[in-house]
Structure formats: C-alpha cells, structure tokens
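Chain and residue survey
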Amino acid sequence: MKILFATSEAAPFIKTGGLADVAGSLPQALAAEGHEVKVILPLYEGIGEDWRAKMTFLKYFNVTLAWRQVYCGLFELEHQGVTFWFVDNEYYFKRWQLYGHFDDCERFAYFSRAVIETPGQLDWAPDIIHCNDWQTALVPVYLLEEKYRIPQLAGARSVYTIHNIEYQGRYGDQVLQDVIGLDRSYFNEGMLAYHRDVNLMKGAIMSSNFVTTVSPTYAQELRTPFYAHGLDGVINQQSGKLEGILNGIDVALYDPVKMEGLAANFTAKAPVKGKAACKAALQKAVGLQEDPDVPLIACVSRLVGHKGFSLVTDALHEIMGLGTKGVQMVVLGTGDWQYEEAFRHAQSQYPGRFSAQLTYSAPLSNMIYAGADIFLMPSVSEPCGLSQMIAMRFGTIPVVRETGGLKDSVTPYNKFEGTGRGFTFTNINAGDMIWVLREAVDLYNTDKKAWRGLQKEGMTADFSWKNSARQYLDIYQRL
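Our subject in this report is the structure included herewith. All figures in this text were calculated on a predicted structure; none of them were measured in a lab.

1. A short note on the overall build of the protein
When helices and strands are counted, the protein shows 21 helices and 18 strands. Its C-alpha atoms give the protein a radius of gyration of 23 Å, near enough to 23 Å, the size a compact globule of 479 residues would have. For the protein, the spread of C-alpha atoms along the three principal axes comes to 70 × 45 × 40 Å. Each of the 479 residues in the protein was classed as buried or not, and the buried ones make up 60%. Pairs at least 24 residues apart make up 71% of the contacts formed inside the protein by residues separated by at least 6 positions.

The structure is reproduced here in structure tokens:
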C-alpha cells in the first residue's frame, strides 16, 4: 500500500506534543511492515539547519487557496525508512511558534491544499491519506472534490485521527469562501456548520472514510458530552466508522538498557542497582535529600487543569504526609500560573523533600522516568498519554485516573493475585487519589517482592508501535 501521512508536526524534526511522537513513530512501523509511506508536514522556521542540510529540493508550484495562487516549495528527506516531504512557504511557516497566530485557519487551509495537490505534482498515487487533528482536518473535505480533478487521488481513501478533541479549529463562517475556498453548501448542508461557526474537525469527521482516536477508552468517552467538547452528537452520528487504537512509544528510544545520560542502565530482570543509582542522581540533580529508602513521587506534564493538577494542589499536604517516613516529590513542567505558584510554595514549605522544576527538559524528564519510584497522572481527560508507558519502561510504577489511554495501558494491582502494572482510581476526587497513592506508598515500604513484580510487569509490557500499526493497516485494508 501507498500511505500519505499528513501532520502538522513530527519528531525528531519539530515537536510541541504527542502528535509529533506519533508522526515520528507510526510511519516507521508501517514502513517496517513493507508499505510505502510518505509523511508531509510544514517546513517551519524551528526545523534546524542540520536537518535542512540533508533535504533535497524537489520542485515548486502554486497552490490554489480560494482566490489566491500561493507559492509551495517541496523538499524531501529520507529518515529511518520513511520519506518526509516538507512544504515550504515562509509567509505561513517562518514564525517563532507553530500555533497560536491570528491567521492559523488560513495557514493550515493552505497546508491542507498543499497535501491534496502534492500527489499530482509528484505523480504519486496514495491509497490512503491519513490526517491528524484540526490542522489537517480540511484534507478529507478537499479530497471529496479534488479526487475527480487529480487522477493520482482517484483511488485514495481518507483516515482521520483525533488526538485531542478539545482543539477543533473553530472559526467564524466568514472564513468559508474567502479563506478556506469552499462554497456555502458545505455550511448550509451541515458538514462544517457548528453553532453558526465553521468547525474544521467536524468537517473531517463527516467527510473522512474512517475516524480513529488514540485509545479504545477515549473512543467510548467521546460519545459523552463531558469529554467531547460539543461534538458528541457528531461522534454518535458517525460512530459506525469510529475506532480507538492505543498509541505506542518508541521502545528503542526509551530503553533502560541503552539510554544515554542515565546514571546507570538496567534491565527488567535486575533493575534494583540501576534504579537506585538513577534515584540518587535524580535526588542530587533536583535538590532532594539523597535518601534511597523514601518513596519518590514524580509528575512530568503540562501543568493545566485537564491534567488533574487541581487534585494534586488540593491534597498536597496529605501527599507529603504519606507513609511512615513521608515521601519526596518532583514536578517537571510549565503551565497555568496557579499550579506553578502552588508548586513553588510547596518547594519552600518542604525543602529537600519537594522539587518544582518549572521548565521543560528532555534530559531531566528521562532522569525522572528512570529515577522515580511512583509516577502520578491524575488526569481529568487523557486521550492516550505516553508518560505512563515511558515510566513503566523504566520500572517506575504509575498511579493514574481511569480515563482514556491511562485506563487502557495501566492494569490495576491485585494484591490477591499479585498481578497488575500500577494503581488506578475512577472518580475525579482528591480523596480517591490519596487512597491509591497511600496503597502504592505502603506497598513500596512493606513488600519489596510485590513491588518488583509490578516493575517487571510494566518493564516487559509491549508498548511498541507494532501492534498499533497492524490495527491501522487492518483499517486501511478494509477501506
């Protein structure tokens, strides 16, 4: 099969979130199954010169966007068995950040048009065009018309993946003809209309051949108003073509046996000494007391409401008082001011026991995954989540709320059967979170054998992209 993967970001070239990890890893897994995979994304200013030096210029042409004829340059780069196409237009993409500009609708309408017109320009006929989130939501809509004008698109089918339904691409209806370049029928007949506005994600759900989300539980949650942010009616109407597939992680990158930058490497069979060395190095790096016996709880996340940090700040003193010796805690991330301020205050209240690292650092995040004992993710909503999988790869036990991919990837500990990968709670309630955290801390303090069993379960679980890729391929084959 020939697969075109359209994305607004992809690791290792440019990244703001989990979409980039998916766009960097899933195409590789699809290519490993013997398929021809191309990934297309914008050539942002933030893509470094080391990558640009490896690119080959293919051609340039004009993209039709409403009444405009807009320049489009194409560059190509081969990386780990996948061809990446970069769409060059400095007016739209030479900017200091990827998203959040006044003309984002026009920027990504242009990119979607470039995605549609590139196969014809390069005489390459994809069987599947796989689109992701609101930035490429117009691709399935444009495909409805253009597949009859561009011969290379005649056999193409579209798949649309919702990574986070909170961000939908909603704009006033005046953008329809002047910016997006579609006639009023797309609004009047309901494909793009949403409370008198244009909703790009709704259009993709309605027009694509198949819709996926990033975990089976999230696919079910999107049927309800609490999680769907107003699109539950559309999701339920189109539910016959909806399926949830759990994301994977790059198991070669997140490998405790080989990862560079750790104080020690270790295996699932013998994690104790390596984890102890990593814990000591982490405590020293973030200013915690170097105590090998006290449980160390960690969070690596954006500090925002839907990640559940209100539960953490409401119960912070109770958390710090858990266990006979108390606990240590480190938080890494940036976000809303109230959470940042609460964690700064906690660091001054609990010197040597609480560390607030209000920044983003990939090397420090890896140190935390490897050195912490417990990884806390109390998310209100979590479409998939990668951090809990990464933590388990490094023998750090997750404590999570049962939502989205957290529920699908973390099986709760059963002390009678000695099974499970972590600890879970259901309600959005600080008391319930404290209850399971106490269970985790008590198990750490009193039953090292059971704790090692949890670590082994997590470290040996298959979180690779292989299974997910095969599920996507099954959908492609059906289409």
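Let's pick the thread back up.
2. Comments concerning the pattern of salt bridges
Taken as a whole and judged by the stated rule, the model has 19 salt bridges. In this structure, the salt-bridge partner of D255 is R393, at a minimum N-O distance of 3.8 Å. With a gap of 138 residues between them, D255 in the loop between β12 (242–244) and α12 (272–286) and R393 in helix α17 (residues 387–393) connect regions that are remote in the sequence. The same class applies to D255 as to R393, namely buried.

3. Remarks on the side chain of T83
With respect to the helices and strands, T83 occurs in strand β5 (residues 82–88). Separated by 2.6 Å, the side chains of T83 and E78 make a polar contact. Discounting chain neighbours no more than four positions away, the residues touching T83 are V37, K38, V39, E76, L77 and E78.

4. Considering the sheet that holds β12
Paired through backbone hydrogen bonds, the strands of a sheet run either parallel or antiparallel to each other. Taken in spatial order, the 9 strands make up an open sheet running β3-β4-β5-β2-β1-β6-β7-β11-β12, and their pairing is mixed. Every other strand in the sheet has two partners, leaving β3 (56–65) and β12 as the edge strands with one partner each. Strand-to-strand, the axes of this sheet are offset by a mean angle of 25°, without reference to chain direction. By the bridge criterion, 4 bridges tie strand β7 (residues 157–162) to strand β11 (residues 210–213) in an arrangement that is parallel. Its bridge partner lying in β11, Y160 is registered against V211. Contacts between helix α21 (residues 465–478) and the sheet are confined to β1 (2–6), β6 (128–132), β7, β11 and β12, with β11 contributing the most and set at about 170° to the helix.

5. Focus: the sheet that holds strand β14 (residues 328–332)
Pairing is parallel across the open sheet formed by 6 strands, whose spatial order is β15-β14-β13-β16-β17-β18. The outermost strands of the open sheet, each flanked by one partner alone, are β15 (354–357) and β18 (423–425). In this sheet, neighbouring strand axes are inclined to one another by 15° on average, regardless of whether the strands run parallel or antiparallel. Running at roughly 145° to strand β13 (residues 296–300), helix α16 (residues 362–371) makes contact with β13, β14, β15 and β16 (374–377) of the sheet.

6. A word on the packing of α12 against α16
One way to put it is that α12 packs onto α16 with a least axis distance of 8 Å and a crossing angle of 135°. Relative to α16, the element α12 lies oblique. α12 and α16 meet at a crossing whose hand is left-handed. The segment α12 lies against α16, with K275, C278, K279, A281, L282, A285 and V286 engaging L364, M367, I368, Y369, A370 and G371. For the contact of α12 with α16, the per-class residue count stands at 10 nonpolar, 1 polar and 2 charged.

7. Structural notes on helix α1 (residues 18–32)
With 15 residues, α1 extends 21 Å from end C-alpha to end C-alpha; this agrees with the ideal 21 Å at 1.5 Å per step. Of all 15 residues in α1, 12 are buried; the element is thus mostly enclosed. Listing the buried residues of α1 in full gives L19, A20, D21, V22, A23, G24, S25, L26, P27, A29, L30 and A31. Packed against the buried residues of α1 are β1, β2 (36–42), β5, β6 and α21. Positioned one or two residues after α1, G34 has a phi angle of 100°, which is positive.

8. Observations concerning unusual backbone geometry
Of note, the amide linkage connecting A11 to P12 takes the cis form, showing an omega dihedral of 10°. Topologically, P12 is positioned in the loop between β1 and α1. Of note in this structure, R196 is not a glycine but carries a positive phi near 70°. Relative to the helices and strands, R196 resides in the loop between β9 (193–194) and β10 (197–199). In this model, H229 sits at a positive phi of 50°, which is unusual for a non-glycine residue. Summarising the element assignment, H229 is placed in the loop between α10 (225–228) and α11 (232–237).

Criteria and cut-off values
Residues numbered from 1 in each chain as written. Predicted model: local features only at pLDDT ≥ 70, side-chain atom pairs only at ≥ 80, totals over all residues. Heavy atoms only, no water. Helix = DSSP H or I, 4+ residues; strand = E, 2+ residues; numbered from the N terminus. Rg over C-alpha atoms; globule rule 2.2 N^0.38 Å. Buried < 20%, exposed > 50% of the residue type's maximum accessible area, 1.4 Å probe, protein only. Contact = heavy atoms within 4.5 Å. Salt bridge = Lys/Arg side-chain N within 4 Å of Asp/Glu carboxyl O. Polar contact = N/O pair within 3.5 Å; in protein donor to acceptor, adjacent residues only side chain to side chain. Pairing = 2+ DSSP bridges. Axes fitted to C-alpha atoms, helices over the stretch in contact; angles between N-to-C directions. Parallel < 35°, antiparallel > 145°, perpendicular 65-115°, else oblique. Left-handed = near helix turned anticlockwise from the far one by under 90°. Nonpolar A, V, L, I, M, F, W, Y, C, P; charged D, E, K, R; others polar. Expected span 1.5 Å × (residues − 1).

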